[in-house]
Amino acid sequence: MTVTATEFKTNFGKYMELVDKEDIFITRNGKTIAKVVSPRISAVDSLRGMLKDVPSDIDMNSLREERLSKYENNM
């Protein structure tokens, strides 16, 4: 969702409720100046939709384990 800075300030409470459902882009003079995101959405969940062929069972722990195993194999 995209809103102007004035609209965001005027209806702050409304947008704080909506941020749980979607990211909010705040604009000023037609340019995006900020992005408000819910802290409840993990980085994995937000990236999953952008990446192709990502298994649905990937989570932060499995990514961490994979990264550590690659690090250990390179030592």
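Further up the page is the structure itself.
The paragraphs below set out a description of the structure included in this document. (Residues numbered from 1 in each chain as written. Predicted model: local features only at pLDDT ≥ 70, side-chain atom pairs only at ≥ 80, totals over all residues. Heavy atoms only, no water.)

With respect to the packing of aromatic side chains
Aromatic ring pairs: the centre-centre distance and the angle between the two ring planes describe each pair.
Right, on to step 1. Tallying each qualifying case throughout the model produces two aromatic pairs.
Right, on to step 2. Aromatic side chains Phe8 and Phe12 sit 5.6 Å apart centroid to centroid with 85 degrees between the ring planes, which places their arrangement in the edge-to-face category.
Right, on to step 3. Look at Phe8 and you get buried, because its relative accessible area is 11%.
Right, on to step 4. Relative to Tyr15, the ring of Phe8 has its centre 5.8 Å away and its plane inclined at 25 degrees; by these criteria the two rings are stacked. The residues Phe8 and Tyr15 share a single accessibility class, namely buried.
Right, on to step 5. Clustering of aromatic rings is evident, with ring pairs tying together Phe8, Phe12 and Tyr15. (Phe/Tyr/Trp six-rings, centres within 6.5 Å; stacked < 30°, edge-to-face > 60°. Buried < 20%, exposed > 50% of the residue type's maximum accessible area, 1.4 Å probe, protein only.)

Quick notes on the side chain of Ser38
Right, on to step 1. Within the fold, Ser38 resides in the loop between β3 (31-36) and α3 (43-48).
Right, on to step 2. In this structure Ser38 comes out as buried when scored by relative accessible area, which is 4%.
Right, on to step 3. At 3.5 Å, the side chain of Ser38 forms a polar contact with the side chain of Asp20. (Helix = DSSP H or I, 4+ residues; strand = E, 2+ residues; numbered from the N terminus. Polar contact = N/O pair within 3.5 Å; in protein donor to acceptor, adjacent residues only side chain to side chain.)

Looking at the pairing of strand β2 (residues 24-28)
Right, on to step 1. With three bridges joining them, strand β1 (residues 2-4) and β2 adopt parallel strand pairing. Within β2, the position partnered with Val3 by the bridge is Ile26.
Right, on to step 2. Connecting β2 to the antiparallel partner β3 that follows it, the hairpin turn spans two residues, and Asn29 within it adopts a positive phi of roughly 55 degrees. (Pairing = 2+ DSSP bridges.)

Geometry only, nothing functional implied.
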